[in-house]
Amino acid sequence: MAGTRGFQLERHLVFLLIFLAVLVPLFLPAPKTVRVTPEVKSVYDRIEGLQAGEIVMLPCEYDPSMAAEMSPMTMAVLRQCFRKDLRVLVTCLVSNGVSLVESELRQMAEEWGRKYGEDYVYLGYKPYPGIVIMAMGEDFRVPFPTDYYNTPLDEIPMMKGVKNYQNVALVLTINSTSGIDYWIIYGTGRYKFPLACASTAVMAPNYYNYLQSGQLFGLIGGLRGAAEYEQLVGHPGKAVKGMLVQSVSHILIVALILLGNVIFIVERRRRRS
Amino acid sequence: MHRHRRGRGLPLVAALALLPLLLLQASAALAENAAEDPPAPRPPLDLKAVDTPNDRGESVDLEWRPSPDEADPAAGALLYLIERAQAQAGPFERIADAPAGTTAYTDNSVRDEETYYYRVSTTGTGGGTSAPSAVAGPVRSTGQWFDLRKLATLILTFLFCLTVMVLIRAARRGKTFYVRPIPGLSAVDEAIGRATEMGKPILFIPGISVASEVATLAAFTLLGRVAKKTAEYQTPVLVPCADPIVMTIAQEIVKSSYLDAGRPELYRQEDVYFVTQDQFSYTAAVNGVMLRERPATNFYIGKFYAESLVLAETGNVAGSIQIAGTDEITQIPFFVAACDYTLIGEELYASSAYLSQEPPLLGTLKAQDFGKAVGAILIVLGVIMAAFGQTWFVDFFRVQ
Amino acid sequence: MQRELPRLITLVTGMFMAIQYFIPHKHSEQFYQTSLDWLIIVGIFSIVLGIASLVNLHVNKIQRRDAGTKYSYILLAGLLYMILSAILTGTDQQSFFMKGYIAVLNPITSTMFALLAFYIASAAFRAFRARSLIATILLVSAVVVMLGRVPAGEDLIPGIAKVSDWLLNVPNMAAKRAISIGLGLGGSATALKVVLGIEAPHLR
Amino acid sequence: MEQHILYTIAAILSVAIFTFLWRDNPFYKFAEHLVVGVSAGYFVVILVTTSLIPKLLDPAKRVLAGASTTLLDPLVVIPAILGLLLFTRFIPKYAWISRIPIAYILGVGSGAAIPLVLQTYVIQQIYPTMTLFQPGSFNGTGALVNNILILGAVLCGLAYFFFSARHEGVIGGMSKAGIWILMIGFGASFGYTVMSRISLLYGRVDFLVFEWAGPLVRLISG
């Protein structure tokens, strides 16, 4: 399927159209609602069913380059947890995403007036996710003797009596890396805790069979999943607006494919005659 | 007791209407006093404490049948208090509590050398605490030397390795194996020949992952074959690496291949170089190489993530013939769309056997086919057994 | 000696690591953790070789006055900046090290990633042509899923989202399952060949 | 104020990378070489802070200070020696010694992979396929039909990957159906991914327009 050299003009035209498809909708009003899929609803309902004070663990494993797709999910889930007075334990096993996740957590906590150490704890980063996930199955203190701000875990009120995954209501990893497999194999595979994941659109189809085999209880896929969750939480924001950009660009690409085939058929007929 | 708000200046009718309410209020208060000390719930039954099986040790599993009072509304929701001691008579100290409805708890704060005794008591919401259950123990935690849950994996791994070795020995004794054509690999010779005609280098990208990744191992084996051919054709092969260990091993491979082809003097260590470990900085650099060096052929072999399409599309713009192979299933569609040839899934692992046509390696391919045949038979057999409810067969393959 | 010793080391460590997988005992797990830590330590030394290769390549370019030597200066400056800024100002949020990350590394890598939006469109336009039955299947499946993913697609063709979900949940999942069974067998065989020394491209 | 400077540098570099879409040019070459240098430096520092110090220097310090509690601390010398052996590459006569650490690395990686890959990629995919028709694992005829299709598709997919049999007759038919199923899967996966790629561009344009240009214009217009 190699292209020909004369293809340069068409390629640049395609690029220009895509750029416009993303830029123009940014200045239009937010679109109407999005269809909610069962795998996203099950995450929302599971968290909605928790009692106040239970701990939700959110391993946010993504870096700024994936923030566009991942941050809206983190914000929507944090908004729901703080609204239900749940306590939140956050980690970030991606080295260049640590400060981003920390600023998002602080921003949402300040918005809801939540107190660090009592309502939420941020453990930060340690390398080699496989080992860390396995070690946290024994005790959070093994890989994380101190939290992100270097306070020993035993001095943090919220961490009293919180040893490992057994003391956490559920784990939702908001994860743009293939580290989700580590959570499935080394995490719930060895230590049996309810696990759901929010992944990029590209990784999501990978995890449908884990949903079917019960290793995951929910799956939030890409920006669309985030838009559904924002809608469920009742706070439509960046994700919902992003869906407008998605609609325009998807229709454009489908049109380009059809156009490409029209050109192909016309050329083939011309070559044959 | 909630305070009952009174309306101010109520007319008589309203006062009369309140009478039944007041009566109700009074009777509730009476009931409240009578139940000053709610009946203490009875303890759970049949408490059992055993060493956690198939584990690393330092862990004891407790199991009990729920207290008969769990469903009894008077005693209210129950909480199980788990206590532990190092002697039958105690002293017992509380180590954990479990909400009503749970009937098991894993205590992983034990040490292997010690002996422990457990007992569980229950508390109702009224505050009353039951007498403790019968003491379970003595129990001592130990680590197991074999994980029974991985028995299926052990058997299949052993059979698979045995098949591979048997077929390799058969191949060494002259048995030949048929291999179906794989378009991506039969194009390798032509692709390298094209590079020689055009006097352009070949670009071999061994993926962006570490050396211990299986896909990178496959990249190493194919790099060995490709480097041997480029030595024979006297065409340079550029190998930008995203991991220092991969770079060291790749240098060793290309040097050995040039030695093997009898042209050690052509080997330039500078052509097998380290760029950076960051996924997209590496991609930016390799994009630059593609458009400036204009390699005749690009190989994408190994572990690739999202950067696959950026590289493949740039290679296409540069007019190179592109052959790709990865085990990252989500990236195969992009290589299929953007490259000339794509090794789909297992074809990546057949590459070195296919190119070398060495009997032992072809024997391994045959073993892989046996594996697939056994896999298909297991699936069909399992489906039949499971459909008739014989789940023991299927559960044997269930990996916790 | 030059070939037998490395082959023996790979065989012994490989066997230990394979057997360790089935032993949950504390000591076995400790062996596994230690092996991973030791890999990291060897990795520390290999980064010196990596950086040496990178610096050597660009220093040679500068000495040889190749075309574009000024860019090699920029690369070496970037490398030096990050290392010196970490030594002098540490690596916390306000350090010049993190400023380098925020101003250079993060934006460039995010933008490189964003190029995919353009490339996925040009790849779709150029490659999804109905040349053969297989290419047509690929193209139709992609178009259906694309339309099924966005609300506008649902408006164009009602029910397309159901078809799209079906494509993802049945054929796509079955395909992934078949591919992963093949990958598992191929990967395990390749790893076995390396451990047994049958496949040792670096020792030829 | 400083944030505006940082964001302006970020914006300029982002645009420099976008110019690559037009063609290779000096702006892109500048950004490319800068990011390679900066990222190489970044990972060296990260490696030092998260691996060198905790995994090599701290144990060594503990051993020297006699405060070491585990036998593992002194054993750290073994990987350190293996690491040093890598440097024999620069001495032609002893260059072969660098094959010893390489052999160790390959041994650990491939040894661990043999059972793990078989379990994760093979057994953990065979098991759910077996239980497709277990009572209670599907509800309604729709799911039953789907599961039958999944079973057939997996078997056909496997047939495509048969290397040592000529693809004729039954195997040939199944293998042809197999490649069709694979292609449907690839098309679906490709289509599914478009959304996340578009959202990346949306994120960058959103940064350039709202986080950089917007505040800067407000700052200048005061």
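Located above this text is the structure these notes cover.
Computed from a predicted model, the values in this text were never measured in an experiment.

Visitor: Please set out the nonpolar core residue by residue, giving values where relevant.
Guide: The biggest cluster of nonpolar side chains holds 344 residues, and the ones touching the most others in it are F140, Y165, L172, Y229 and I253 of chain A together with F128 of chain C. Ranked by the residues each element gives to this core, the list is headed by helix α4 (residues 96–127) of chain C, at 21 residues. Other than its neighbours up to four places away in sequence, Y229 of chain A contacts V40, V43, Y44, I47, A76, V77, Q80 and I220 of chain A.

Visitor: Any details on the pattern of salt bridges? Residues and values, ideally.
Guide: Side-chain pairing between opposite charges can occur once the charged atoms of the two side chains come close. Scanning the model with the defined rule gives 45 salt bridges over all chains in all. Notably, a salt bridge pairs E4 of chain C with R7 of chain C, separated by 4.0 Å at the nearest N-O pair. Residue E4 of chain C and its partner R7 of chain C are both found in helix α1 (residues 4–20); the two are separated by three residues, about one turn of the helix. A relative accessible area of 26% places R7 of chain C in the partly exposed class. A salt bridge links K99 of chain C to E2 of chain D, with the nearest nitrogen and oxygen atoms 3.3 Å apart. Placement of K99 of chain C in helix α4 and of E2 of chain D in helix α1 (residues 2–18) is noted, with the two residues assigned to different chains. Look at the salt bridges and you will find they share partners, linking R56, E58 and D112 of chain B together with K26 and E29 of chain C into a network.

Visitor: Outline the sheet that holds strand β1 (residues 55–61) of chain A, supporting the account with residue identities and numerical values.
Guide: Residue and element names in this part refer to chain A. Read from one edge of the open sheet, six strands run β3-β2-β1-β4-β5-β6, paired in parallel fashion. Two strands lie at the open edges of the sheet, namely β3 (120–124) and β6 (219–221), each paired on one side alone. Geometrically, the sheet is characterised by an average inter-axis angle of 15° between neighbouring strands, direction not taken into account. Summarising the sheet, strand β5 (residues 195–199) and β6 pair through three bridges and their orientation is parallel. Of the residues in β6, the one forming a bridge with A198 is I220. With respect to the sheet, helix α2 (residues 38–48) is in contact with β4 (170–175), β5 and β6, its orientation differing from that of β6 by roughly 125°. Along the sheet, helix α3 (residues 67–83) contacts β1, β2 (87–91), β3, β4, β5 and β6; its crossing angle with β4, the most-contacted strand, is approximately 155°.

Visitor: Report on the sheet that holds strand β1 (residues 45–51) of chain B, specifying residues and quantitative values.
Guide: All names here are of chain B. Here three strands make up an open sheet; going across it, the order is β1-β2-β5 and the pairing antiparallel. One side of each edge strand has no neighbouring strand; the edge strands of this open sheet are β1 and β5 (104–107). Taking the axes of each pair of neighbouring strands and ignoring which way they run, one obtains an average angle of 15° across the sheet. Here strand β2 (residues 60–65) pairs with β5 via four bridges, running antiparallel. The residue bridging V60 from the neighbouring strand is D107, located in β5.

Visitor: Break down the layout of surface pockets for me, with residues and values.
Guide: One number sums up the size of the second largest pocket: a volume of about 1,400 Å³. For the lining of the second largest pocket, the secondary structure elements donating two or more residues are α3, α4 (98–111), α8 (222–233) and α9 (238–272) of chain A, α4 of chain C together with α1 and α7 (169–221) of chain D. For the lining of the second largest pocket, the leading source of residues is α4 of chain A, giving nine residues. In the lining of the second largest pocket, the residues fall into 23 nonpolar, 13 polar and 12 charged.

Visitor: Account for empty space enclosed by the protein, naming residues and giving values.
Guide: Under the counting rule described, the total for this entry stands at six cavities of 30 Å³ or more. Taken as a whole, the second largest cavity spans an internal volume of roughly 140 Å³. Lining the second largest cavity are 16 residues, with T37, E39 and Y208 of chain A, R149 of chain C together with Y192 of chain D positioned closest to its centre. Those elements that provide at least two residues to the lining of the second largest cavity are α2, β6 and α8 of chain A together with α5 (133–149) and α7 (160–169) of chain C. Split into classes, the residues belonging to the lining of the second largest cavity amount to five nonpolar, five polar and six charged.

Visitor: Lay out a positive patch on the surface with the relevant residues and their values.
Guide: Residue and element names in this part refer to chain A. A contiguous patch of positive charge on the surface is contributed by R269, R270, R271 and R272. Examined against the element boundaries, R270 turns out to sit in helix α9. Residue R270 is classed as exposed on the basis of its relative accessible area, which comes to 55%.

Visitor: Mind laying out the packing of α4 of chain C against α7 of chain D, listing which residues take part and the relevant values?
Guide: For the pair α4 of chain C and α7 of chain D, the least separation of the axes is 8 Å and the interaxial angle reads 135°. Taken together, the axes of α4 of chain C and α7 of chain D are oblique relative to one another. As α4 of chain C packs across α7 of chain D, the resulting crossing turns out to be left-handed. Contact residues: P107, S110, T111, F113, A114, L116, A117, F118, I120 and A124 of chain C in α4 of chain C; F190, T193, V194, R197, I198, L200, L201 and R204 of chain D in α7 of chain D. Split into classes, the residues belonging to the contact of α4 of chain C with α7 of chain D amount to 13 nonpolar, three polar and two charged.

Visitor: Report on the environment of V226 of chain B, specifying residues and quantitative values.
Guide: All names here are of chain B. Along the chain, V226 turns up in helix α4 (residues 214–233). Taking C-alpha positions, V226 is 9.3 Å from S352, a pair spaced 126 residues apart along the chain. Excluding residues within four positions of it along the chain, V226 makes contact with I192, F204 and F299.

Visitor: Could you give me a rundown of the interface of chain B and chain A, with the residues and numbers involved?
Guide: Between chain B and chain A, the contact holds 15 residues from the first and 15 residues from the second. A combined buried area of about 1,200 Å² lies between chain B and chain A, and 45% of that area is made up of carbon and sulfur atoms. Interface area lost by chain B to chain A is led by N108, V317 and T330 of chain B, which between them contribute 32%. Summed over the shared surface of chain B and chain A, the result is zero salt bridges. On inspection of chain B and its partner chain A, the count reaches zero residue pairs in polar contact (both at pLDDT 80 or more). Elements represented by at least two residues in the side of chain B that touches chain A include exactly α7 (307–317) and α8 (332–338) of chain B. When residues of the side of chain B that touches chain A are assigned to their parent elements, the largest contribution, three residues, is made by α8 of chain B. For the side of chain B that touches chain A, the residue count by class is six nonpolar, four polar and five charged.

Visitor: Explain the environment of V246 of chain B to me, and be specific about the residues and the numbers.
Guide: Residue and element names in this part refer to chain B. Its location among the elements puts V246 in helix α5 (residues 244–260). Considering only alpha carbons, one finds V246 and R56, 190 residues apart in sequence, at a separation of 33 Å. Non-local contacts of V246, meaning those with residues more than four positions away in its chain, are made with P206, S209, V210, A211, T216, F220 and C241.

Visitor: Now, about the interface of chain C and chain D: what can you tell me, with residues and values included?
Guide: Contacts between the two partners involve 102 residues from chain C and, on the opposite side, 101 residues from chain D. Summing the contributions of chain C and of chain D, the shared interface buries around 9,600 Å²; its carbon and sulfur component is 84%. Of all residues in chain C, the largest losses of buried area upon contact with chain D belong to W38, Y71 and R177 of chain C, amounting jointly to 7% of the total for that side. Along the contact surface separating chain C from chain D lie two salt bridges. Mapped onto the side of chain C that touches chain D, the elements with two or more residues apiece are α1, α2 (26–63), α3 (69–89), α4, α5, α7 and α8 (171–196) of chain C. Broken down by class, the residue content of the side of chain C that touches chain D amounts to 72 nonpolar, 24 polar and six charged.

Procedures and definitions
- Each chain has its residues counted from 1, following the order in which its sequence is written.
- Both sets of labels track the order of writing: A upward for chains, 1 upward for ligands.
- Thresholds applied to this predicted model are a pLDDT of at least 70 for local features of residues and 80 or more for the giving and counting of side-chain atom pairs; totals over whole chains, interfaces and linings are not thresholded and use all residues.
- Side-chain metrics rest on all non-hydrogen atoms present in the structure, leaving aside hydrogens and water.
- Among buried residues, the Ala, Val, Leu, Ile, Met, Phe, Trp, Tyr and Cys ones that are joined through side-chain atoms within 4.5 Å form a nonpolar core.
- A 1.4 Å probe rolled over the protein chains alone gives each residue an accessible area, and that area as a share of the maximum for its type sets the label: buried under 20%, exposed over 50%, partly exposed in between.
- Starting at the N terminus, helices and strands are each numbered in turn, a helix being any DSSP run of H or I of at least four residues and a strand any DSSP run of E of at least two.
- Residue contacts are defined here by distance: any two heavy atoms, one from each residue, within 4.5 Å place the two residues in contact.
- Salt bridge criterion: a side-chain nitrogen from Lys or Arg within 4 Å of a carboxyl oxygen from Asp or Glu.
- DSSP calls a pair of strands paired once it identifies at least 2 bridges connecting them.
- Whenever a helix is involved, its axis is fitted only over the stretch in contact; in every case the axis is a line through C-alpha atoms, and angles between N-to-C directions fall within 0 to 180 degrees.
- Cavity means a closed set of points on a 1 Å grid over the protein atoms alone, one where a 1.4 Å probe fits but cannot get out, pocket means an open set with protein on both sides within 12 Å along at least 5 of 7 lines, and lining means a residue has an atom within 4 Å of a point.
- Grid points are joined across faces, edges and corners, and a volume is the space filled by probe spheres set on the points.
- Residues are grouped as follows: Ala, Val, Leu, Ile, Met, Phe, Trp, Tyr, Cys and Pro are nonpolar; Asp, Glu, Lys and Arg are charged; every other residue, Gly included, is polar.
- Here, patches come from residues exposed beyond 30% relative accessible area and free of salt bridges, joined within 9 Å for like charges and within 5 Å for nonpolar side chains (Val, Leu, Ile, Met, Phe, Trp, Tyr).
- The Shrake-Rupley method, run with a 1.4 Å probe sphere, supplies the accessible areas, and residue values consider only the shown protein chains as cover.
- A residue counts as positive if it is Lys or Arg and as negative if it is Asp or Glu; His and the chain ends are not included.
- To locate a charge, the coordinates of NZ of Lys, CZ of Arg, CG of Asp or CD of Glu are taken.
- Reported orientations rely on four angle classes, namely roughly parallel under 35 degrees, roughly antiparallel over 145, roughly perpendicular from 65 to 115, and oblique for the rest.
- Throughout, a crossing is termed right-handed when the near helix is turned clockwise from the far one, and left-handed when it is turned anticlockwise from it by less than a right angle.
- Accessible area that two parts lose when put together, evaluated with a 1.4 Å probe and summed over both, is termed the buried area.
- Any pair of nitrogen or oxygen atoms within 3.5 Å is treated as a polar contact; in protein, a donor-acceptor pairing is required on top of that, and neighbouring residues in sequence qualify only through side-chain atoms on both sides.

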